[in-house]
Amino acid sequence: MLTGAVPFHGDNALAVMHQHLTATAPLPRQSNPEIPANLEAIIMKAVRKNPKERYQSAGAFLTDIKNYQELDISQFPRGPEQVGGLVTNRQVWILGGAIAFGFVAIIALIIIIAFLIHSR
């Protein structure tokens, strides 16, 4: 919201989903240099892939947001994440295939039920 743009782009939803799972989000200040460095640090901590590096509670997140100007960000996670190995391309395609199969199965079930109801 602060940058006015989404962090990931792709040709389709599956490509964007893959980036969410495997790529590090770009720094918000690259899109909007007016974002304060402390606020950027909070954002980047909130979107870390590793759950142990993210905020552990909404209260902790809210506290940092409220006090971002006085916040010492020297202990915040820095630099690009090691995202390789969290999710493979194969896993993304399997998940996408399972979702597509589920939609097709639901549509087929609706068609079968409609056929049975009208054939009485």
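Values in this document were obtained by computation on a predicted structure and should not be read as measured data.

**Student:** Describe the overall build of the protein, naming the residues involved and giving the relevant values.
**Tutor:** Tallying secondary structure elements over the protein gives five helices and zero strands in all. Taken from the N to the C terminus, the helices and strands of the protein come in the order α-α-α-α-α. Relative to a compact globule of 120 residues, whose C-alpha radius of gyration would be 14 Å, the protein shows 21 Å and is clearly more extended. In terms of its C-alpha atoms, the protein occupies a principal-axis envelope of roughly 70 × 30 × 25 Å. Within the protein, the proportion of its 120 residues that are buried is 20%. Considering only contacts within the protein whose residues lie at least 6 apart along the sequence, 57% involve residues at least 24 apart.

Definitions and limits used
- Going along each chain's sequence as written, the residues are numbered from 1 onward.
- Two thresholds apply to this predicted model, a pLDDT of at least 70 for residue-level local features and 80 or more for giving and counting side-chain atom pairs, whereas whole-chain, interface and lining totals are computed over all residues.
- Neither water nor hydrogens contribute to the side-chain values; these are computed over all heavy atoms in the structure.
- Helix and strand assignments come from DSSP, with helices taken as H or I runs of at least 4 residues and strands as E runs of at least 2, each series counted from the N terminus.
- A radius of gyration in this sense is built from C-alpha atoms; the matching globule rule multiplies 2.2 Å by the number of residues raised to 0.38.
- Per-residue accessibility, obtained with a 1.4 Å probe over protein chains only, is compared with the maximum for each type, and a residue is labelled buried under 20%, exposed over 50%, and partly exposed between these values.
- Residues are treated as being in contact if the distance between any of their heavy atoms lies within 4.5 Å.

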